[in-house]
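So you can see what is in the structure, the chains are spelled out below.
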Amino acid sequence: MEPHVEDEIKEYNDFGYVKSFTITKHTDTYALLDMVTLEDISGILEWSTQNGIKVRECSNEDYIFKKYDSFEQLLTEISPGYCSKFQNNLFDKLTALKNEETEEEEEEEEE
C-alpha cells in the first residue's frame, strides 16, 4: 500500500512541529505542498511516492532543489524548532511511561 501525503503530514500539523503543511495539488502518488517551519522558513515541496521530497522553492535559498527521503529528514535539517519540540515531546512521553511503571511497582509492593 502506497503512503498518502495526507497521512504523512498530519502528525507534523497536529503536534505543532511546523506552522503549516498545506496540500495545494495532489494525486495518489504526487503532491505539491506549501510549508512554513517554526522559524518562518517557507517553501514549496514536491512529494512523490517514487522520489521522496524535493524542495522546489524556499525562502532560505540553501535548501532549493535539495532532495529528502522523508519529512522528518527535511525538518531535522532546516528546523531547529522542530528538533527541539520533537525531543521535548519524546522526553515527556518517556517520563510519563516511567512514572506509570513506578506507580505500578509501588502498587505491587503494597499488595
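You'll find the structure just up there.
Conventions and cut-offs
All residue numbers here refer to positions counted from 1 along the written sequence of the relevant chain. Totals for whole chains, interfaces and linings use every residue, but because this is a predicted model, local features are given only for residues with pLDDT of at least 70 and side-chain atom pairs only at 80 or more, for both listing and counting. Each side-chain value is worked out from all heavy atoms of the structure, with water and hydrogens disregarded. Every patch collects residues that have over 30% relative accessible area and no salt bridge, joining them within 9 Å if they carry like charges and within 5 Å if they are nonpolar side chains (Val, Leu, Ile, Met, Phe, Trp, Tyr). The Shrake-Rupley method, run with a 1.4 Å probe, gives the accessible areas here. Residue values count only the displayed protein chains as cover. Salt-bridge detection follows one rule: a side-chain nitrogen of Lys or Arg within 4 Å of a carboxyl oxygen of Asp or Glu. None of His or the chain ends enter the tally, which takes Lys and Arg as positive and Asp and Glu as negative. The atoms used to mark charge sites are NZ of Lys, CZ of Arg, CG of Asp and CD of Glu. Only protein chains enter the accessibility calculation, which uses a 1.4 Å probe. A residue is then buried if its area is under 20% of the maximum for its type, exposed if over 50%, and partly exposed in between. When DSSP finds two or more bridges between a pair of strands, those strands are recorded as paired. A helix here means a DSSP run of H or I that spans at least four residues, while a strand means a run of E at least two residues long, and both kinds are numbered starting from the N terminus. Side-chain rings of Phe, Tyr and Trp, where Trp is taken by its six-membered ring, are said to pair if the distance between their centres is within 6.5 Å; with planes under 30 degrees apart they count as stacked, over 60 as edge-to-face, and otherwise as tilted.

Overview of a negative patch on the surface
Then, in step 1: On the surface, E100, E103, E104, E105, E106, E107, E108, E109 and E110 cluster together into a patch of negative charge.
Then, in step 2: Classification of E106 by relative accessible area gives partly exposed; the value is 44%.

Considerations on the pairing of strand β2 (residues 30–36)
Then, in step 1: As paired elements, strand β1 (residues 20–26) and β2 share six bridges and run antiparallel to each other. In the strand pairing of β2, F21 is matched with M35.
Then, in step 2: Connecting β1 to the next strand, β2, in antiparallel fashion are three residues.
Then, in step 3: Bridging between β2 and strand β3 (residues 42–48) involves seven bridges; their strand directions are antiparallel. Residue pairing across strands places D34 opposite I44, the latter belonging to β3.
Then, in step 4: Hairpin remark: β2 followed by β3, antiparallel, with five residues in the connecting loop; positive phi at D40, about 65°.

Description of the packing of aromatic side chains
One pair of aromatic rings is described through two measures. These are the centre distance and the angle between the planes.
Then, in step 1: Counted under the stated rule, the structure contains nine aromatic pairs.
Then, in step 2: Relative to Y82, the ring of Y17 lies with its centre 5.4 Å away and its plane at 90°, an arrangement referred to as edge-to-face. Of this pair, Y17 sits in the loop between α1 (5–14) and β1 while Y82 sits in helix α3 (residues 80–110), and the two are 65 residues apart along the sequence.
Then, in step 3: On the accessibility criterion, Y17 (2% relative accessible area) is buried.
Then, in step 4: The exposure class of Y82 is buried, given its relative accessible area of 2%.
Then, in step 5: Aromatic rings pair up to connect Y12, F15, Y17, F21, F71, Y82 and F86 into one cluster.

Any link to function would need more than the numbers given here.
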